[in-house]
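# Topology and contacts: notes
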Amino acid sequence: MTAPLPNPDPPALELRAIDKRFGAVHANRAISFAVAKGSVHGLVGENGAGKSTLMNIVYGFHRADAGEILVNGRAVEITSPQAAIAAGIGMVHQHFMLVENFTVLANVVLGVEGGRLLAGGLAAARSELERLARDYGLEVPLDTVVSELPVGLQQRVEILKALYRRAEILILDE
């Protein structure tokens, strides 16, 4: 009998013994799980079970009191949403983080001004967004003001924003 071969690909995301307290409230207690590359997972539980808290830890809105986060097998310290983005993690929040009186294009590039993603200017950003929208079936009118879009299209904008920032791990909070 031969032993199974080890998996050469580490999980895209692995949480080990994540713990978080808010005063007397123990929101997350020794949470561990792994997400394989290319897979889709749902985290389910009652209201107040700590699901959003856990995802906010992964995205850098909260710091865990204990535990470890690994991305592609490497331990990472996620101290902010910028650190999460740098680690390849994107998040679409329950309440969208869009500027309603900006266009779709302006919302997507907001925050990457002067960085490598906008080095080619708005024309290059538009081209990349059009490609992402086609590739993922997320077409949305780039010159439309966000407040004029229905909620479903606003959600697409949030997903495109994460993909534009090169997210390899995408968290959808409710």
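Fair warning: this is a prediction, and the values are worked out from it, not measured in the lab. (Residues numbered from 1 in each chain as written. Predicted model: local features only at pLDDT ≥ 70, side-chain atom pairs only at ≥ 80, totals over all residues. Heavy atoms only, no water.)

### A word on the pattern of salt bridges
Defined as follows: Within this document, salt bridges are pairs made up of a side-chain nitrogen of Lys or Arg and a carboxyl oxygen of Asp or Glu, the two lying within 4 Å of each other. Secondary structure elements follow DSSP: runs of H or I of four or more residues count as helices, runs of E of two or more count as strands, with numbering from the N terminus.
Counting across every chain of the model gives nine salt bridges. With a closest N to O distance of 3.8 Å, Arg-166 and Glu-128 form a salt bridge. Separated by 38 residues along the polypeptide, Arg-166 in the loop between helix H5 (151-164) and strand S6 (169-172) and Glu-128 in helix H4 (residues 121-136) bring together distant segments of the chain. Put simply, Glu-128, Arg-131, Asp-135 and Arg-166 are held in one network by salt bridges that share partners.

### Comments concerning the layout of surface pockets
Here is the rule we go by: For each structure, a 1 Å grid was placed over the protein atoms alone; sets of points admitting a 1.4 Å probe that cannot get out are labelled cavities, open sets with protein on both sides within 12 Å along at least five of seven lines are labelled pockets, and lining residues have an atom within 4 Å of a point. Grid points are joined across faces, edges and corners, and a volume is the space filled by probe spheres set on the points. Residues were grouped as follows: Ala, Val, Leu, Ile, Met, Phe, Trp, Tyr, Cys and Pro as nonpolar; Asp, Glu, Lys and Arg as charged; and all remaining residues, including Gly, as polar.
Within this model, the largest pocket holds a volume of roughly 760 Å³. Looking at the largest pocket, it is lined by 24 residues, and the ones nearest its centre are Val-40, His-41, Leu-170, Ile-171 and Leu-172. Of all the secondary-structure elements, those providing two or more residues to the lining of the largest pocket are strand S2 (25-35), helix H1 (51-58) and S6. The greatest single-element share of the lining of the largest pocket, amounting to four residues, is contributed by S6. In the lining of the largest pocket, the residues fall into 13 nonpolar, six polar and five charged.

### Observations regarding the environment of Leu-138
Our working rule: For the exposure calls, accessible area comes from a 1.4 Å probe over protein chains only, and a residue counts as buried if that area is under 20% of its type's maximum, exposed if over 50%, partly exposed in between.
Inspection of the secondary structure assignment puts Leu-138 in the loop between H4 and H5. A relative accessible area of 12% places Leu-138 in the buried class. Along the backbone, Leu-138 and Ile-78 are 60 residues apart, and their C-alpha atoms lie at a distance of 28 Å.

### Concerning the side chain of His-93
Here is the rule: Contacts were defined at the residue level, with two residues in contact if any of their heavy atoms lie within 4.5 Å.
In this structure, His-93 sits in the loop between strand S5 (89-92) and helix H3 (104-109). Beyond its immediate chain neighbours, meaning those up to four positions away, His-93 contacts Tyr-59, Phe-61 and Asp-173.

### Quick notes on the packing of H4 against H5
Relative placement of two packed helices is described by the angle separating their axes and the distance separating the axes. Basically, it comes down to this: Fitted lines through C-alpha atoms give the axes, limited to the stretch in contact for helices. The angle between two N-to-C directions lies from 0 to 180 degrees. Any angle from 65 to 115 degrees is called roughly perpendicular, while one under 35 is roughly parallel, one over 145 is roughly antiparallel, and all others are oblique. The crossing is said to be left-handed when, going from far helix to near helix, the turn is anticlockwise and less than a right angle, and right-handed when the turn is clockwise.
At their nearest, the axes of H4 and H5 sit 10 Å apart, and the two run at 115° to each other. Judged by the inter-axis angle, H4 sits roughly perpendicular to H5. Relative to H5, H4 is oriented so that their crossing is right-handed. Facing H4, whose interface residues are Ala-125, Glu-128, Leu-129, Leu-132, Ala-133 and Tyr-136, H5 presents Leu-160, Leu-163 and Tyr-164. For the contact of H4 with H5, the per-class residue count stands at eight nonpolar, no polar and one charged.

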